[in-house]
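# Per-entry structural report
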Amino acid sequence: ILRRGRWKVDSQRIDEILDYLVNDLGGDWFLTGGALVRIAFDPERGTEDVDFVRVRHPTLSDEASRNQLFQWLIARGLGPEWVNPAVEPFVREVPLWESETVLLRHGSKGTVLRPNLTLFVYLKLRRGTEVDLRDIQVAKAHCSEGFDEKKLRQWASPSVLQRFELLRARFGLLSAQLGPC
C-alpha cells in the first residue's frame, strides 16, 4: 500500500517476510520497531518497513544472508527498502543484548526473536518520538516478561535516562512495578 509517498507494510507482508526468514533463508533474526508492534501488540499500527537485525546464520555471512533476503524481496516486487537493518548498531551497543530477547517465531530453519520489554523500552527511548512513546505503552500492556529498571539504567545515556524519568509514570514503569507486565 502506498501512502504519502512512503510504503506502508501490512501484517500479511510482515508475516511473509518472517516466514521466509524462519523456513527458507534460516538463521536467527531479531525483529523490532513498528513491524513488531503491528504483529505482536497492535494490528492497527502502521509501519513503513521491517526493522531487523541478523543475529547469526549457520552457513551464510551477514552480507550473504542479507543479499539473499534482498533478492527474495526483489523477486516479489518489493525491493530491499522493505527491510531496514539500521537499528543494528543501537541493539548491539547493549551488552549481552541476545539474553534480552523473547522467541517470536520458530520455523524449520531459523527463529525470529523480539526484544524483551526492557530492551524494547531502551530502543524506543533512544529515538523518543511520540510514536515510539505510544509503542512503549502498547508493548507494556501486551508483554508477559517484566521490566528491569536497573538494566535500563546501565545501558542508557544521560539523555535517555532523562527522557525515562520524565515519562516513567506515563508508561506505568514505576519502581514498584518491576515484576511481570
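Our subject is the structure listed above.
Here, residues in each chain are numbered from 1, in the same order as that chain's written sequence. Owing to the predicted nature of the model, reporting of local features is limited to residues with pLDDT of at least 70; listing and counting of side-chain atom pairs is limited to 80 or more, with chain, interface and lining totals taken over all residues. Only hydrogens and water are set aside; all other atoms, that is, all heavy atoms of the structure, feed into the side-chain values.

## Looking at the pattern of salt bridges
- We count a salt bridge whenever a side-chain nitrogen from Lys or Arg sits within 4 Å of a carboxyl oxygen from Asp or Glu. Under the criterion given, the structure shown has 21 salt bridges.
- Residues Asp42 and Arg134 are paired through a salt bridge, measuring 2.6 Å at the closest nitrogen-oxygen approach. Remark: Arg134 occurs in helix H6 (residues 130-142) and Asp42 occurs in the loop between helix H2 (33-41) and strand E4 (50-56); sequence separation between them is 92 residues.
- Its relative accessible area of 39% is what places Arg134 among the partly exposed residues.
- Note that Arg54 is salt-bridged to Asp62, the shortest N-O span being 3.8 Å.
- When its relative accessible area of 10% is taken as the criterion, Arg54 is described as buried.
- Judged by relative accessible area, Asp62 falls into the partly exposed class, the value being 28%.
- Counted as one network, the salt bridges with shared partners bring together Arg45, Lys124, Arg127, Asp132 and Asp135. Secondary structure elements are taken from DSSP: a helix is a run of H or I of four residues or more, a strand is a run of E of two residues or more, and numbering for both begins at the N terminus. Accessible area is worked out with a 1.4 Å probe on protein chains only. A residue is then buried under 20% of its type maximum, exposed over 50%, and partly exposed in between.

## Observations concerning the sheet that holds strand E7 (residues 110-115)
- If DSSP finds at least two bridges between two strands, the strands pair. If you trace the five strands from one edge of the open sheet to the other, you get E5-E4-E3-E7-E6, paired in mixed fashion. Unpaired on one side and paired on the other, strand E5 (83-84) and strand E6 (101-106) mark the two borders of the sheet.
- Relative to E7, strand E3 (residues 27-32) runs parallel, the two sharing four bridges. Across the sheet, residue Trp29 finds its bridge partner in E7, namely Val112.
- Here, two residues are considered to be in contact whenever any of their heavy atoms come within 4.5 Å of each other. Under this scheme, a helix contributes an axis fitted over its contacting stretch, all axes are lines through C-alpha atoms, and angles between N-to-C directions fall in the 0 to 180 degree range. Most of the contacts of helix H1 (residues 11-25) go to E6, to which it runs at about 85°, and overall it touches E3, E4, E5, E6 and E7.
- Packed on one face of the sheet, helix H5 (residues 117-127) meets E3 and E7 and runs near 60° to E3.

## What to know about the nonpolar core
- Here, the term nonpolar core denotes a set of buried Ala, Val, Leu, Ile, Met, Phe, Trp, Tyr and Cys residues that are joined through side-chain atoms within 4.5 Å. If you look at the biggest cluster of nonpolar residues, it comprises 53 residues, and the most contacted ones within it are Phe30 and Leu69.
- With residues near it in sequence (within four places) discarded, Phe30 still touches Asp51, Phe52, Val53, Val55, Val91, Trp97, Thr101, Leu113, Arg114, Pro115, Leu119 and Leu123.

## Here's the deal with H2
- Burial analysis of H2 places seven of its nine residues in the buried class, the great majority of the element.
- Those residues of H2 that fall on the buried side of the exposure criterion are Gly33, Gly34, Ala35, Leu36, Val37, Arg38 and Phe41.

## Some remarks on unusual backbone geometry
- For Leu96, which is not glycine, the phi dihedral falls at a positive 55°.
- With respect to the element layout, Leu96 can be found in the loop between helix H4 (88-92) and E6.

## Examining the side chain of Arg38
- Within the secondary structure, Arg38 is located in helix H2.
- Think of a polar contact as two N or O atoms within 3.5 Å of one another; within protein, one of them needs to be a possible hydrogen donor and the other a possible acceptor, and neighboring residues in sequence only count if both atoms come from side chains. A polar atom in the side chain of Arg38 sits 2.8 Å from the side chain of Ser11.
- At 2.8 Å, the side chain of Arg38 and the backbone oxygen of Arg45 are in polar contact.
- Setting aside its immediate chain neighbours within four residues, Arg38 contacts Lys8, Val9, Asp10, Ser11, Ile14, Pro43, Glu44, Arg45 and Gly46.

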